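Breakdown of the fold
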Amino acid sequence: MKNETYHKLIDLYAGRELPEGLDEAMEMAAFNDPELSHEMTTMRKTVDALQASSGDTFTEESYQRILMKIYARGGNIMPQAPAPAHLQYHLPMQG
């Protein structure tokens, strides 16, 4: 297999999704290719760190805070979901 093919398989290598034989073949190819070796090592470390993380939750409050920062910096985006009701002020009816 050419190194070009190995470069395309780095994401599967990092996630430990390759068969054992192909996994070993990639490691042997990386022995002679420092760029491939670096990419394989850093990608695997990144995947391992992400899998070991606690997986912080993304709450509605986090979403709104990020949205307000985007608006403050001049971003003009229109979310597809309507604004949640708890963020709207309810005014008393006067009549």
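Report on the accompanying structure. (Residues numbered from 1 in each chain as written. Predicted model: local features only at pLDDT ≥ 70, side-chain atom pairs only at ≥ 80, totals over all residues. Heavy atoms only, no water.)

1. Considerations on the overall build of the protein chain
- The helix and strand tally for the protein chain stands at 5 helices and 0 strands.
- Secondary structure of the protein chain in N-to-C order comes out as α-α-α-α-α.
- Residues counted as buried form 20% of the 95 residues belonging to the protein chain.
- Counting every atom, the protein chain has about 8,000 Å² of accessible surface; 57% of that belongs to carbon and sulfur. (Helix = DSSP H or I, 4+ residues; strand = E, 2+ residues; numbered from the N terminus. Buried < 20%, exposed > 50% of the residue type's maximum accessible area, 1.4 Å probe, protein only. Areas by Shrake-Rupley, 256 points an atom, 1.4 Å probe, with all protein chains shown as cover.)

2. Focus: the pattern of salt bridges
- On inspection of all chains with the given rule, the structure shows 3 salt bridges.
- Here Asp 23 ties to Arg 44 by a salt bridge, and the two come within 3.8 Å at their closest N and O atoms. Placement of the pair is Asp 23 in helix H3 (residues 20–32) and Arg 44 in helix H4 (residues 34–52), with a sequence separation of 21 residues.
- For Arg 44, a relative accessible area of 14% translates into the label buried.
- Arg 65 is the partner of Glu 61 in a salt bridge, and the nearest nitrogen-oxygen pair spans 4.0 Å. Linking Glu 61 with Arg 65, this pair stays in helix H5 (residues 60–72), spanning 4 residues, or about one helical turn.
- Residue Arg 65 is classed as partly exposed on the basis of its relative accessible area, which comes to 44%. (Salt bridge = Lys/Arg side-chain N within 4 Å of Asp/Glu carboxyl O.)

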